[in-house]
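The lines below spell out each chain.
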Amino acid sequence: MTGGLKDGEKEEEFLHSPFIRKQGNIYKPNNKDMDNDSLNEKTMDDVHTKEIDLVNRDPKRINDDVVKVDFEDVIAEPAGTYSFDGVWKASFTTFTVTKYWCYRLLTALVGIPLALIWGIFFAILSFLHIWAVVPCVKSYLIEIHCVSRVYSICVHTFCDPLFEAMGKCLSSIRISTTKEV
């Protein structure tokens, strides 16, 4: 508190600044919080929550090649074989609404349990990679470095003189070929 400080004394600073989100509500990504000038505290990134975009739900385009099926991709009437306009419009509406609501119903019933399962799976995968795979690979690389040094010393000690002697012995051999007609 600045009111009780004497001249020359500084207010004790916090070791860890209080957590303040850079964005507002995580469900409303465009909801910015107050003006940055009005915040004197440091802002920390929240690594456990991520801003979600409710408009562009595939920002990395991982499902560009997956099922993008519209009515025209499934049902098409060639020229000269047209149904009644009312039937065509009703079929389009039925297809579109059925696809839309069945997808929503399936995601409501199965999406959350699958998200839980995939979350657990990727948590286990990350855990194994961080705590088992990378340390094993690093350990292997350290151990193989020692083995490679011993192997290199053995090769240079025993094989190099042998092959050098064999090379000198066989270097005087000359082969010439002649073609007889």
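Just so you know, these numbers come straight off a predicted model, no measurement behind them.

Caption draft 1: A look at the overall build of the chain. A count of helices and strands for the chain gives two helices and zero strands. Going through the 181 residues of the chain one by one, you find that 4% of them count as buried. For the chain, restricting intrachain contacts to residue pairs at least 6 apart in sequence, the fraction spanning at least 24 positions comes to 42%. Carbon and sulfur atoms make up 65% of the accessible area of the chain, which amounts to about 17,300 Å² in all.

Caption draft 2: Examining the UniProt feature "transmembrane region" (unreviewed entry) in the chain more closely. Under the present numbering, the feature "transmembrane region" (unreviewed entry) in UniProt falls on residues 105-132. For the annotated span residues 105-132, helix accounts for 100% and strand for 0% of the residues, and the straight-line distance between the end C-alpha atoms is 39 Å.

Caption draft 3: Structural context of the packing of aromatic side chains. All chains considered together, the criterion is met by seven aromatic pairs. Relative to tryptophan 88, the ring of phenylalanine 71 has its centre 4.9 Å away and its plane inclined at 70°; by these criteria the two rings are edge-to-face. Taken as a pair, phenylalanine 71 in helix 1 (residues 71-74) and tryptophan 88 in helix 2 (residues 85-170) lie far apart in primary sequence, 17 residues in all. Aromatic pair tryptophan 118 and phenylalanine 121: ring centres 5.6 Å apart, planes at 85°, arrangement edge-to-face.

Caption draft 4: Structural detail: the confidence of the model for the chain. Put simply, the chain has an average pLDDT of 79, and 73% of its residues get 70 or more. Counting contacts from residues 1-5, a segment whose pLDDT is below 50, to residues more than four positions away or on other chains yields four contacts. Segment residues 31-42: pLDDT under 50, and 16 contacts once partners within four positions in sequence are set aside and those in other chains are kept.

Caption draft 5: Main features of the layout of surface pockets. Taken as a whole, the largest pocket encloses approximately 1,400 Å³ of empty space. Along its surface, the largest pocket is lined by 24 residues, and Asn56, Arg57, Asp58, Asn63 and Tyr103 are the ones closest to its centre. Looking at side-chain class alone, the lining of the largest pocket contains twelve nonpolar, three polar and nine charged residues.

Caption draft 6: Layout of the side chain of aspartate 58. Residue placement: aspartate 58 occurs in the segment before helix 1. For aspartate 58, which is buried and forms no salt bridge, the nearest opposite charge comes from arginine 61, at a distance of 5.6 Å. Separated by 2.9 Å, the side chain of aspartate 58 and the backbone nitrogen of isoleucine 62 make a polar contact. If we skip the residues at most four places from it in the chain, aspartate 58 touches Asn63 and Asp64.

Caption draft 7: Structural detail: helix 2. Here helix 2 is 86 residues long, yet its end C-alpha atoms lie only 92 Å apart, well below the 128 Å a rise of 1.5 Å per residue gives. The largest bend in helix 2 is about 45°, located at valine 110, with the proline proline 113 one to four residues further on.

Caption draft 8: Structural detail: unusual backbone geometry. For arginine 61, which is not glycine, the phi torsion reads 55° and is therefore positive. By secondary structure assignment, the location of arginine 61 is in the segment before helix 1.

Rules behind the numbers
- Counting of residues starts from 1 at the beginning of each chain's written sequence and follows it residue by residue.
- Where local features are concerned, this predicted model is filtered to residues with pLDDT of at least 70; where side-chain atom pairs are given and counted, the filter is 80 or more; whole-chain, interface and lining totals use all residues.
- In computing side-chain properties, one takes all heavy atoms of the structure into account and sets aside hydrogens as well as water.
- Secondary structure counts use DSSP, requiring at least four H or I residues in a row for a helix and at least two E residues in a row for a strand, with both numbered from the N terminus.
- Here the term buried applies to any residue with accessible area under 20% of the maximum for its type, exposed to any over 50%, and partly exposed to those in between, with areas from a 1.4 Å probe on protein chains only.
- Note on contacts: a residue pair is in contact if any heavy atoms of the two residues lie within 4.5 Å.
- Using a 1.4 Å probe, accessible areas were evaluated by the Shrake-Rupley method; residue-level cover was limited to the displayed protein chains.
- UniProt positions are given in the numbering used here, feature names are shortened, and annotations may be inferred rather than shown by experiment.
- Any Phe, Tyr or Trp ring, taking Trp's six-membered ring, that has another such ring centre within 6.5 Å forms a pair; planes under 30 degrees apart are called stacked, those over 60 apart edge-to-face, and the others tilted.
- For every residue, the predictor states its confidence as a pLDDT score lying anywhere from 0 to 100.
- Cavities and pockets are defined on a 1 Å grid built over the protein atoms alone: a cavity is a set of grid points where a 1.4 Å probe fits but cannot escape, while a pocket is an open set with protein on both sides within 12 Å along at least five of seven lines, and lining residues are those with an atom within 4 Å of any such point.
- Grid points are joined across faces, edges and corners, and a volume is the space filled by probe spheres set on the points.
- For this classification, the nonpolar set comprises Ala, Val, Leu, Ile, Met, Phe, Trp, Tyr, Cys and Pro, the charged set comprises Asp, Glu, Lys and Arg, and every other residue, Gly included, is treated as polar.
- The charge count treats Lys and Arg as positive and Asp and Glu as negative. His and the chain ends do not count.
- Salt bridge, as used here, is a side-chain nitrogen of Lys or Arg placed within 4 Å of a carboxyl oxygen of Asp or Glu.
- Polar contacts here mean pairs of N or O atoms no more than 3.5 Å apart (in protein, one a potential hydrogen donor and the other a potential acceptor; neighbouring residues in sequence count only if both atoms are side-chain atoms).
- Expected span, for any helix, means 1.5 Å times one less than how many residues it has.
- Consider a residue and the seven residues that end there alongside the seven that start there; fitting an axis to each set, the bend is the angle between those axes.

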